[in-house]
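# Observations on the model geometry
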Amino acid sequence: MANEFDDRDEAPEPAAGPAVLSETDLLRGVRILRELIDKMQVNVIITSGGDGDSRTLFISGPDSGLLVGKQGQTLDALHFIFNRMIHKQLGVKGFIDLD
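The structure presented is a predicted model; accordingly, all values stated were derived computationally and were not measured. (Residues numbered from 1 in each chain as written. Predicted model: local features only at pLDDT ≥ 70, side-chain atom pairs only at ≥ 80, totals over all residues. Heavy atoms only, no water.)

## What to know about the environment of Ile-45
Quick note on the threshold: Runs of E in the DSSP output that reach at least two residues are strands. Runs of H or I that reach at least four are helices, and both are numbered from the N terminus. A contact between two residues is defined here by any heavy atoms of the two lying within 4.5 Å.
For Ile-45, the location among the structural elements is in strand β1 (residues 45–49). In this structure the C-alpha to C-alpha distance between Ile-45 and Ile-59, which are 14 residues apart in sequence, comes to 5.7 Å. Not counting residues up to four positions away in its chain, the partners in contact with Ile-45 are Arg-34, Phe-58, Ile-59 and Ser-60.

## What to know about helix α3 (residues 73–90)
As a reminder, the rule being used: One less than the residue count of a helix, multiplied by 1.5 Å, gives the span that helix is expected to have. Exposure is judged per residue with a 1.4 Å probe applied to protein chains only, and the accessible area is read against the type maximum: over 50% gives exposed, under 20% gives buried, and values in between give partly exposed. The reported arc concerns the directions from the helix axis to the C-beta atoms and nothing else.
With 18 residues, α3 should reach 26 Å at 1.5 Å per residue; the first-to-last C-alpha distance of 25 Å fits that figure. All of the buried residues along α3 are Leu-75, Leu-78, Phe-82, Asn-83, Ile-86 and Leu-90. Taken around the axis of α3, the buried residues stretch over an arc of 130°, which confines them to a single face. Exposed residues pointing more than 90 degrees away from the buried face of α3 are listed as Gln-73, Asp-76, Phe-80, Arg-84 and Lys-88. On its buried face, α3 is in contact with α1 (23–39), β2 (56–60), α2 (64–68) and β3 (97–98). Looking at the residues trailing α3, positive phi occurs at Gly-91, about 70°.

## Some remarks on the side chain of Asp-25
Mapping Asp-25 onto the fold places it in helix α1. When sequence neighbours within four positions are dropped, the list of residues in contact with Asp-25 reads Leu-90 and Val-92.

## A word on the nonpolar core
Spelled out, the test is: Side-chain atoms within 4.5 Å link the members of a nonpolar core, which is a set of buried Ala, Val, Leu, Ile, Met, Phe, Trp, Tyr and Cys residues.
Formed by 20 residues in total, the largest nonpolar core has its most connected members in Leu-33, Ile-37, Leu-57 and Phe-82. Beyond its immediate chain neighbours, meaning those up to four positions away, Ile-37 contacts Val-42, Val-44, Ile-46, Ile-59 and Leu-67.

## Topic: the pattern of salt bridges
Inclusion rule: What makes a salt bridge here is a side-chain nitrogen of Lys or Arg within 4 Å of a carboxyl oxygen of Asp or Glu, nothing more.
For the coordinates displayed, the defined rule picks out 3 salt bridges. The partner of Glu-23 in a salt bridge is Arg-55, with the nearest N and O atoms 3.1 Å apart. Here Glu-23, found in helix α1, pairs with Arg-55, found in the loop between β1 and β2; they are 32 residues apart in sequence, far enough to count as distant. Accessibility expressed as a relative area gives 46% for Glu-23, which makes it partly exposed. Close ionic contact of Arg-28 with Asp-25 constitutes a salt bridge, the shortest N to O distance being 3.7 Å. Placement of both Arg-28 and Asp-25 in helix α1 is noted, with a separation of 3 residues, approximately one turn of the helix. The exposure class assigned to Arg-28 is partly exposed, which follows from its relative accessible area of 28%. Judged by its relative accessible area of 15%, Asp-25 falls in the buried class.

See the structure below:
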């Protein structure tokens, strides 16, 4: 039965890379992050940047150390929560880094 087709013979499809966010999505992400940080009552400035497919929001200011936390744990948690929020609220699949 040489004509039988076996699914195991198919080559796996290449994994899709992270989606590239548009400038509009990035600006909406800044607004979401600003609302989140305002609720934390932390005084910081948010700027955006990135080159090519990379999108990064930079957090600076007198209270930025509070957002970094011990060994970066607070920043890691904020990064996770923030990206979950943009995925749910904006319906995008890309990620925005926080620095």
